[in-house]
Amino acid sequence: MELPVLDLSPYLEFSAAKYSGSSANVENQLDAQLKDLCSEVSRILRETGALLVKDPRCSTTDNDRFIDMMEKYFEKPDEFKLLQERPHLHYQVGVTPEGVEDPRSLVDEDMQQKLKAMPKKHQPITPVGPDPKWRFMWRVGSRPSNTRFKELNSDPVMPEGFHEWKETMDSWGYKMISAIEAVAEMAAIGFELPRDVFTSLMHQGPHLLAPTGSDLRCYGQEGNVFAGYHYDLNFLTIHGRSRFPGLNIWLRNGQKVEVKVPVGCLLIQTGKQLEWLTAGDCLAGMHEVVMSNRTIEAIILAQHQNRSLWRVSSTLFAHIASDAVLKPLGHFADSPLSGKYSPICAGEFVEKELAVINLKGKKQHIE
Ligand SMILES: [Fe+2]
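Residues numbered from 1 in each chain as written. Predicted model: local features only at pLDDT ≥ 70, side-chain atom pairs only at ≥ 80, totals over all residues.

Explain the overall build of the chain to me, please; I cannot follow it from the model alone.
When helices and strands are counted, the chain shows twelve helices and 16 strands. Relative to its length of 367 residues, the chain is compact, with a C-alpha radius of gyration of 20 Å against a globular reference of 21 Å. Each principal axis of the C-alpha atoms in the chain carries an extent, and together these give about 55 × 45 × 45 Å. Long-range contacts, defined as pairs at least 24 residues apart, comprise 82% of the intrachain contacts of the chain with a sequence gap of at least 6. (Helix = DSSP H or I, 4+ residues; strand = E, 2+ residues; numbered from the N terminus. Rg over C-alpha atoms; globule rule 2.2 N^0.38 Å. Contact = placed C-beta atoms within 7 Å.)

See below:
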């Protein structure tokens, strides 16, 4: 099964022409074709938990520039990268070395039981230890000056010798947030909610650009798990195309699907905060990243072309603002399932999710 690709251009053009900064209720001016496009966005998110989009503002060149820099960074010796490690700040900025993050399926016994009950061909690969991937955390966007959930007041971490670091991280980060905002507006319209219902909650959220790097020279054997089966606790996650495939997602019907991201496309995945806001109409997408035979093919090609053997994912976690309340919105409040999603501050929700995992595992775990 191949996921369809939606081109955001018609919506972006309409949006630029109509809204120009005002949040007036002009949803009614959408023509039938655009309304259908928005319904497609919400339907695909509901049924698959993932969405492939084309956003002309996020070009292949931008993605390449970002991945080239991250490959150069992850290829540096461990001693160099460890200079950007901030364990005392719980790895919330800078680098997290491989072997620190535990996948939820490794530490959550309830989840392990559920996995055993799945049909064999749809079961995820059970990881045997922590994820063998490095990660770099870079905050994107402004934060509220007055908040109950102050993030650690630490300076951004920049590796020495990477003069283009801040500009590259910020520009790719902002572009990815813009794509998420467009999808969030379209999804809202598709769900028959006000256009800005999600984006207004995202304003000044603790968005995080968090690319990962996996060393395929060490871990390039089929069946290896780079990121064990889990869901993301944020609102929506977006990735540029990785040079090495390997992401599997689970559709709402339980089917496991290997995702193929075409060149020039972005992949968006639903997180737990979106599930909360829609009272489970849209579930948080379960996913894993593993070495597949397609990853091996990509490794062989990269070897022939003398390219880097680090698998970089250009992941950005978009969040609901920490002080905003997560609760089923609009007509979703009347859903029979809304009782499962009681109102909670997004910041408290994130802390609780982390605590559950931290109690079951022993280490700091971030999405
Ligand atoms: Fe994830």
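Help me understand helix α7 (residues 165–190), please; the structure alone is not making it clear to me.
Since the α-helix packs 3.6 residues into each turn, any two residues three or four apart lie on the same face. If you check α7, its first and last C-alpha atoms are 37 Å apart, about what 26 residues at 1.5 Å a residue would give, namely 38 Å. Following α7 by one or two positions, Glu-192 has its phi on the positive side, about 60°. (Expected span 1.5 Å × (residues − 1).)

Sorry, what's going on with the pairing of strand β4 (residues 134–139) here?
Regular strands have side chains that alternate between both faces of the sheet. Counting buried positions along β4 yields five of six residues, so the element is predominantly enclosed. The pairing of β4 with strand β5 (residues 208–209) spans two bridges and is antiparallel. Opposite Arg-139, over in β5, you have Leu-208 as the bridge partner. (Buried ≥ 20, exposed ≤ 12 C-beta atoms within 10 Å, placed from the backbone. Pairing = 2+ DSSP bridges.)

Before we go on, may I ask you to explain the sheet that holds strand β9 (residues 247–250) in this structure?
Across a sheet, strands are paired by hydrogen bonds formed along the backbone, either parallel or antiparallel in direction. The four strands are arranged β7-β12-β9-β10 in an open sheet whose pairing can be described as antiparallel. Looking at which strands have only one partner, the edges of the open sheet turn out to be β7 (225–230) and β10 (256–258). Here the strands of the sheet are splayed against their neighbours by 20° on average, with no regard to which way each runs. Alignment of β7 against strand β12 (residues 286–290), held across three bridges, turns out to be antiparallel. Within β12, the residue paired with His-230 across the bridge is His-287. (Axes fitted to C-alpha atoms, helices over the stretch in contact; angles between N-to-C directions.)

Help me understand the packing of helix α3 (residues 60–74) against α7 in this model?
What describes two packed helices is the angle between their axes and the distance between those same axes. Where α3 meets α7, the axes come as close as 10 Å, and the angle between the chain directions of the two elements is 135°. Relative to α7, α3 is oriented oblique. Two packed elements cross with a definite hand, and for α3 against α7 that hand is left-handed. On α7, the residues that touch Asp-62, Arg-65, Phe-66 and Met-69 of α3 are Thr-168, Trp-172 and Lys-175. Residue composition of the contact of α3 with α7, grouped by class: three nonpolar, one polar and three charged. (Parallel < 35°, antiparallel > 145°, perpendicular 65-115°, else oblique. Left-handed = near helix turned anticlockwise from the far one by under 90°. Nonpolar A, V, L, I, M, F, W, Y, C, P; charged D, E, K, R; others polar.)

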